[in-house]
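Descriptive analysis of the structure
Next come the chains, spelled out residue by residue.
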Amino acid sequence: GHFLSHILTESNMQATEQHGTFAVQLAIYDLSQGMARSLSAQFLGPNHAIDIIPHTGIIVFGKEYYFGGNGIECSDPQHFRSTRGIFPMQIQDLGRTRISQSQFEAWCRRHGASGGMFS
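Scope of this entry: the structure provided in the associated data block. Not measured: the values here are computed from a predicted model. (Residues numbered from 1 in each chain as written. Predicted model: local features only at pLDDT ≥ 70, side-chain atom pairs only at ≥ 80, totals over all residues. Heavy atoms only, no water.)

What follows deals with the nonpolar core. Core analysis: the largest hydrophobic core is formed by eight residues, namely Phe22, Val24, Val60, Phe61, Tyr65, Ile72, Cys74 and Cys108. Elements with a minimum of two residues in this core: strand E2 (21–30) and strand E5 (71–75). Ignoring sequence-local partners within four residues, the contact set of Val60 consists of Phe22, Ala23, Val24, Tyr65, Thr97 and Phe104. Counting residues in hydrophobic clusters, the runner-up holds seven residues, among them Tyr29, Ile59, Phe80 and Ile91. (Core = buried A, V, L, I, M, F, W, Y, C linked by side-chain atoms within 4.5 Å. Buried < 20%, exposed > 50% of the residue type's maximum accessible area, 1.4 Å probe, protein only. Helix = DSSP H or I, 4+ residues; strand = E, 2+ residues; numbered from the N terminus. Contact = heavy atoms within 4.5 Å.)

Below, the structure written as structure tokens:
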């Protein structure tokens, strides 16, 4: 498949609010940065290679929400990427939501792991 690199800009995020709804995207990362396939093929054989070591984040309200060491965390998408030196291999549009940011973050607090940003 074709992978796209997409960098969200502030003007991009402002344009995502439309008629009381907010765009929701899924960012897919390869934590191995391409190494999983070659290394796993060496150990497991080419028929059993692992394509990626996935990590995902949900982009909505101008923030990226993801599971981290402290449960459900969030940050500015550019900050997340620049501090970790990793960029999405693909970003998929999931649709739109009518849920507000405060409602979503309340849900994150209820469902986040103990000690996390939203716990």
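Having put the structure on the table, let's press on.
This part takes up helix H3 (residues 77–84). Along H3, the residues classified as buried are Pro77, Phe80 and Arg81. Around the axis of H3, the buried residues are gathered within 90° of arc, so they sit on the same side. In this structure, the buried side of H3 is in contact with E2, strand E3 (54–60), strand E4 (63–68), E5 and strand E6 (90–97). The backbone nitrogen of Gln78 has a side-chain oxygen 2.9 Å away, supplied by the residue at the start of H3, namely Asp76. A positive backbone phi angle near 65° is found at Gly85, which sits one or two residues after H3. (Arc of directions from axis to C-beta. Polar contact = N/O pair within 3.5 Å; in protein donor to acceptor, adjacent residues only side chain to side chain.)

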